[in-house]
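Residue strings, one per chain:
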Amino acid sequence: MASRIKGRFVKNTEKSSRRKASDRLNQLNTTKTTSNSLLPATTIPEVWSPGERRVFEPAELQQRLMDGCEFCGEELRFTRVVSETVCAMGSMLYITCDCGMLNKINSGKVHHEKGKQKTRPIFDINTKIAIAMYDTGLGPHQVNRFFTNINLPGISQTSLKKREREVFEPIKQVAKRSLDDSLEEEKKASERLSVSNSGDNVPVSVKYDMGWQKRGSGRKYNSKSGVGSMIGHLTGKLIDLDLRSTDCRFCSYWEGKGKEQPLHNCTRNWYGTSKAMEPDVGVSLVQNIEKKGCTLANVIIDDDTTTIARTRSQIDHEVEKWSDMGHTRVQLGNKLYKIKEKYKKDFSTDDIAHLQKCFMYAIQSHKNDPKSIAENISAIVPHSFNCHDQCNESWCKYLQNPNKYRPTIQLSNPNLRVELESVFMKYVEKKNVNKLAPCGSTKDNESFNNMIAHKAPKNKHFCASERLESRVMCAASQKNLKFDYVAQINEECGLSPGKHTTKTSESLTRKRKLQNQFKGTTEFKRKKFLKLNAQKQEQVVGEIREGVTYQTEIDIQPTSAADITMISDPITPPILNSINIDDGSYTRVFFDLETSLLAMDCDILQISAIYNDNLFNQYITPTRAINKYASEVTGLTVSHDFLCYNGHRVDSCLSQQAL
């Protein structure tokens, strides 16, 4: 419903708010005119209802009260508050003095926009809300939801947008300074390593990758925005970035009306496809760093884009490309999985994982030695088919001790061998092995893309305004300056960083540094590898025991009750009584057990018994992972979803049936 006010229609809610504001103004005017006598305590109106909460700065509020009345100078009392104007997390309090004068004080620190000192002051805490929103990756609705859930007044969309625009330029300035400083650090590190410089320019090596703000499905890539990042190879710090966006909310609004859009800060700077963003940003970043006194010598990049080809066409010197090992490993796996579709019985996922592991070991153990890398990659497939003519004694267990050699995988199909060799031999070619030899990695770029995803979640649409750029710049500052960047943004805005903000930032920076040091140790990586293997075996064993529980369209398929593997209830152990076996009434049976590990809660994997000429042997399906050291002794492993002895499948049953 709407009503007419001064010749135009307004909503009833707006009409009601205007009436309340008018009543409050009349009340304040009445208070000013009755300043001849003190107001009794019983006539003070209740400003806050029970349960309401506000945010006050104690030191600031105390100082304002002690400054006293503007008319008589007497100290003000908080109990004489007669009205309040809420400004998001801040408040303007109206307090009456004993002389009857109405004073207005602020609940916290305030500031004004540049050149607008006569406008309503802006509370510092509201500006910090916009910075905190970018730092934590929340959106406007989540911020308001958080405040209202703890019964604090929220901040309107209009006010929050103004505060976001206020911090936009300071965030950009802090990020750009950090990028320039990181580039100077990379140049100095490169100067110390380089033998000769090409003129005044310093040759540098960089890592480049692109991240999009929409998850790719594998079939369609249509993200409306993407961020390209370039990181120094020696320092690991971000030296430059650029953003591409195909959307602008302001332009879309006026295009919908069929009119030309007015002058504005447009975020649309790309009209091509999402895939073409990566090479375009790459060329732009290379040109930018070369303008700053650098010469691009090497670039670490994946093999999925034409960035390097386009870069070479735009600059007048040679650029060497190093392949990213992570992407190379994934690409090898994709090729092997395609082969697996043709040889499902002869080629398993465990075989693929082992071949990938051998491939990475052949490269990492011979870093910067293309010849040795090519020799070791050439021996991977023959070694898997039990042919060790090309193997090296440093890693081949068969050449070290043929009698105790137990192959991890056993492949035998000759057609499979031909196809596998065709895949691996492509990496042996000179142009490809030279790219693999430096063992380049873009994991720093992936880490930065993950930071952006935390501050600009991929299920939210931010690229239609300057919000995305602000969040990306916050991620860039955090990459280079750690968590201290929040305090620097506050200082750039003219705000005090705050004791708790600085203390928490230092604590998080120190904690993250210790975590990175620990995660880089060999001990941590070994434990992580063993833990993942144990989890994988537990998963396989559980699926064997439980049968089919989840499968595509399993409910549509004709499944009978007999096809469902039932898990029996645990058996209560009987009470054991001691007996005398020397009276001749008992038969002695000798037995032996094989277990999954040397612990009290281990699984029994095999029961063997003998009585005279009678033999008994039964394998038992494990209920948990088999320790690798136990497998070396017993020869029992879980492979292809079956219990195997020395690589050969054996018949097993549940422990209750075996006993």
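Structure's up top.
Just so you know, these numbers come straight off a predicted model, no measurement behind them.

> Got a sec to walk through the pattern of salt bridges? Specific residues and values, please.
On inspection of all chains with the given rule, the structure shows 25 salt bridges. As a salt-bridge pair, Arg165 and Glu466 come within 3.5 Å of each other at their nearest N and O atoms. Separated by 301 residues along the polypeptide, Arg165 in helix α5 (residues 157-193) and Glu466 in the loop between α16 (443-455) and α17 (467-481) bring together distant segments of the chain. Owing to a relative accessible area of 13%, Glu466 belongs among the buried residues under this scheme. The partner of Asp350 in a salt bridge is Lys536, and the shortest N-O contact between them spans 3.0 Å. Separated by 186 residues along the polypeptide, Asp350 in helix α10 (residues 349-364) and Lys536 in helix α20 (residues 522-546) bring together distant segments of the chain. Using a relative accessible area of 27% as the deciding quantity, one classes Asp350 as partly exposed.

> Describe the packing of aromatic side chains, and please don't skip the residues or the numbers.
Applying the stated criterion across every chain yields a total of ten aromatic pairs. Through a chain of ring-to-ring contacts, three or more aromatic side chains come together here, namely Trp48, Phe56 and Phe78.

> Quick rundown of α17? Include the residues and the values.
With 15 residues, α17 should cover 21 Å at 1.5 Å per step; its first-to-last C-alpha distance of 21 Å lies within 8% of that length. Just downstream of α17, Lys482 is the residue with a positive phi angle, here 60°.

> Give me the sheet that holds strand β5 (residues 102-106): which residues, what numbers.
As summarised here, the arrangement of the three strands in space is β3-β4-β5, forming an open sheet in which the pairing is antiparallel. Either end of the sheet is taken by a strand with one partner, and the two such strands are β3 (81-87) and β5. Across this sheet, the average inter-strand angle for adjacent strands is 20°, counted without regard to direction. Sheet analysis places strand β4 (residues 90-96) next to β5, joined by five bridges and oriented antiparallel. If you follow Ile95 over to β5, its bridge partner there is Asn103. Those strands touched by helix α2 (residues 58-67) are β4 and β5, and its axis lies near 155° from that of β5.

> Provide a residue-level description of the pairing of strand β11 (residues 294-301), including the pertinent values.
The buried fraction of β11 is high, at seven of eight residues. Alignment of strand β8 (residues 202-212) against β11, held across six bridges, turns out to be parallel. Counted as the bridge partner of Val204 is Leu296 from β11. Note that β11 and strand β12 (residues 320-323) share four bridges and pair parallel.

> Go over the side chain of Thr311 with me, naming the residues and quoting the values.
By secondary structure assignment, the location of Thr311 is in helix α8 (residues 307-314). Residue Thr311 is classed as buried on the basis of its relative accessible area of 3%. Looking at Thr311, its side chain comes within polar contact range of the main-chain oxygen of Thr307, at 2.7 Å. Not counting residues up to four positions away in its chain, the partners in contact with Thr311 are Val283, Val286 and Leu296.

> Residues and numbers for the nonpolar core, please.
As a rule of thumb, nonpolar side chains are buried together in soluble globular proteins. If you look at the biggest cluster of nonpolar residues, it comprises 39 residues, and the most contacted ones within it are Leu241, Phe448 and Ile489. For this core, the elements supplying multiple residues, two or more each, are α3 (124-136), α4 (140-149), α5, β9 (225-232), β10 (238-245), α16, α17 and α18 (485-492). The residues that make up this core include at least three from each of domain 1 (46-118 + 136-154) and domain 2 (161-215 + 223-322 + 444-481). In this structure Phe448 touches Val227, Ser229, Leu238, Leu241, Val472, Ala475, Ala476 and Lys479, once residues within four positions along its chain are discounted. Formed by 30 residues, the second largest nonpolar core is a distinct cluster that contains Met325, Ala374, Phe424 and Cys439.

> Tell me about the pairing of β3, and name the residues and values.
Counting buried residues in β3 gives six out of seven residues, a clear majority hidden from the surface. Where β3 and β4 come together, six bridges link them in antiparallel fashion. Opposite Cys87, over in β4, you have Gly90 as the bridge partner.

> An account of α16 is requested, with residue identities and associated values reported.
With 13 residues, α16 extends 19 Å from end C-alpha to end C-alpha; this agrees with the ideal 18 Å at 1.5 Å per step. Listed as buried for α16 are Asp444, Asn445, Phe448, Asn449, Met451, Ile452 and Lys455. Taken down its axis, α16 places every buried residue within 155° of arc, on the same side. For α16, the exposed residues lying more than 90 degrees away from the buried face are Lys443 and His454. Looking at the buried positions of α16, the neighbouring elements they touch are α3, β8, β9, β10, α17 and α18.

Each value, and the rule that gives it
Residues numbered from 1 in each chain as written. Predicted model: local features only at pLDDT ≥ 70, side-chain atom pairs only at ≥ 80, totals over all residues. Heavy atoms only, no water. Salt bridge = Lys/Arg side-chain N within 4 Å of Asp/Glu carboxyl O. Helix = DSSP H or I, 4+ residues; strand = E, 2+ residues; numbered from the N terminus. Buried < 20%, exposed > 50% of the residue type's maximum accessible area, 1.4 Å probe, protein only. Phe/Tyr/Trp six-rings, centres within 6.5 Å; stacked < 30°, edge-to-face > 60°. Expected span 1.5 Å × (residues − 1). Pairing = 2+ DSSP bridges. Axes fitted to C-alpha atoms, helices over the stretch in contact; angles between N-to-C directions. Contact = heavy atoms within 4.5 Å. Polar contact = N/O pair within 3.5 Å; in protein donor to acceptor, adjacent residues only side chain to side chain. Core = buried A, V, L, I, M, F, W, Y, C linked by side-chain atoms within 4.5 Å. Domains from an automatic or database assignment. Arc of directions from axis to C-beta.

Keep in mind these numbers describe shape, not what the thing actually does.
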